[in-house]
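So you can see what is in the structure, the chains are spelled out below.
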Amino acid sequence: MQSPMTRMTDAAAFLAVDNVSHTYAGPAGDVQALANVTFRVVRESFVCLVGPSGCGKSTLLRALAGLLPPSQGQVSLDTQPVTRPQRRIGIIFQKANLMPWRTVYHNLQLPLQISGVPARERQQRTEAMLTLTGLDGFAQAYPAELSGGMAQRVALGRALIHDPEVLLMDEPFGALDALTREQMSAELLRIWSRHRKTVFMVTHSISEAVLLADRVLVMSPRPGRIVFDLEIPLARPRNLELLHQPAFVSLTEKLRHNIRTS
């Protein structure tokens, strides 16, 4: 299966970002984090955002989630302005942020409890999510007993369990060692292929972005702007064997060049 087309009309856009700018006020003066960011995301596509540290990537993700009202511009989901957090949007941060006194099972179940989902349905959906994320044998484990990769699986399952339409990911594998990070990327590919959510993921890893995404956006140094937009024409399904193929390496070099020259 080929990547979906990423040059689309406004009518085809599912997630729309229009002229978003944001400035933080501080004791030493104002700091502009974002400047006139505009792009469109197609439903069920996987988009990654890369750029230098401090360029405003996390600020943009918080605006997409409705956690941060931008100073200027608008984020829209399915033509409706995003002005606050909502169930249609799930988010995963770099830290798993699991509740240490709750088991894996009960950490996964938390969003359903908050939403008032009946007990029987909670049980069914939690058991299904344990299977999807490969956590069947860890249901009664506590966060302190989990590896970093396993904890992030729980965080991923917790974000997916209420069936959001959009999944936002802020460096979700950034704290993991290189091997575990690759394994989690492969797991994410597997899960996304089964549940085709619209995904927008911030990452510092160029190879991770090319492996996962249909499209990669490059952000300039602060104030962040979108300065390059690269479609990834690699066929799906994908796996880690792609990492050393010439077409993959060529795409990573193109991205690396545009980050250096942005």
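The next point concerns the overall build of the chain. Along its length, the chain carries seven helices and 10 strands. Taken against the 2.2 N^0.38 rule, which gives 18 Å for 262 residues, the C-alpha radius of gyration of the chain at 18 Å falls within 12% of a compact globule. Dimensions of the chain along its principal axes, counting C-alpha atoms only, are 50 × 45 × 40 Å. Taken across its 262 residues, the chain has 52% of its residues classed as buried. The contacts in the chain between residues at least 6 apart in sequence include a share of 70% that link residues at least 24 apart. In the chain, which carries 28 positive and 22 negative side-chain charges, the distance between the mean positions of the two groups comes to 3 Å.

So, about the packing of aromatic side chains. Applying the stated rule across the entire model yields two aromatic pairs. Arranged with centres 5.4 Å apart and planes meeting at 5 degrees, the rings of F39 and F200 form a pair that is stacked. Of the two residues, F39 sits in strand β2 (residues 31-42) while F200 sits in strand β8 (residues 198-202), which places them 161 residues apart along the sequence. For the pair F39 and F200, one class covers both residues: buried. The interplanar angle of 75 degrees and the centroid separation of 5.8 Å between the aromatic rings of F46 and W192 together place this pair among those described as edge-to-face. One end of the pair, F46, is in strand β3 (residues 46-50); the other, W192, is in helix α5 (residues 178-194), with 146 residues separating them in the sequence.

Moving on, we get to the packing of helix α2 (residues 104-114) against helix α4 (residues 148-160). Their axes nearest at 7 Å, the elements α2 and α4 cross at an angle of 30 degrees. One way to sum up the angle between α2 and α4 is to call them roughly parallel. Where α2 crosses over α4, the two elements pack in a sense that is right-handed. Contact residues: α2 offers V104, N107, L108 and P111, while α4 offers V154, G157 and R158. Residues that form the contact of α2 with α4 fall into these classes: four nonpolar, two polar and one charged.

All right, on to the pattern of salt bridges then. Inspection of the entire model under this criterion finds 14 salt bridges. Put simply, R43 and D78 hold a salt bridge, and the shortest N to O gap is 3.8 Å. Separated by 35 residues along the polypeptide, R43 in the loop between β2 and β3 and D78 in the loop between β4 (72-77) and β5 (80-81) bring together distant segments of the chain. Residue class for R43 comes out partly exposed when judged on its relative accessible area of 41%. R125 is paired through a salt bridge with E121; the nearest N and O atoms lie 2.8 Å apart. Separated by four residues within a single helix, R125 and E121 lie in helix α3 (residues 119-132), roughly one turn from each other. For R125, a relative accessible area of 22% translates into the label partly exposed. Through salt bridges with shared partners, one network takes in R43, D78, R88 and E165.

Conventions used here
- Residues numbered from 1 in each chain as written.
- Predicted model: local features only at pLDDT ≥ 70, side-chain atom pairs only at ≥ 80, totals over all residues.
- Heavy atoms only, no water.
- Helix = DSSP H or I, 4+ residues; strand = E, 2+ residues; numbered from the N terminus.
- Rg over C-alpha atoms; globule rule 2.2 N^0.38 Å.
- Buried < 20%, exposed > 50% of the residue type's maximum accessible area, 1.4 Å probe, protein only.
- Contact = heavy atoms within 4.5 Å.
- Lys, Arg positive; Asp, Glu negative; His and termini not counted.
- Charge placed at Lys NZ, Arg CZ, Asp CG, Glu CD.
- Phe/Tyr/Trp six-rings, centres within 6.5 Å; stacked < 30°, edge-to-face > 60°.
- Axes fitted to C-alpha atoms, helices over the stretch in contact; angles between N-to-C directions.
- Parallel < 35°, antiparallel > 145°, perpendicular 65-115°, else oblique.
- Left-handed = near helix turned anticlockwise from the far one by under 90°.
- Nonpolar A, V, L, I, M, F, W, Y, C, P; charged D, E, K, R; others polar.
- Salt bridge = Lys/Arg side-chain N within 4 Å of Asp/Glu carboxyl O.

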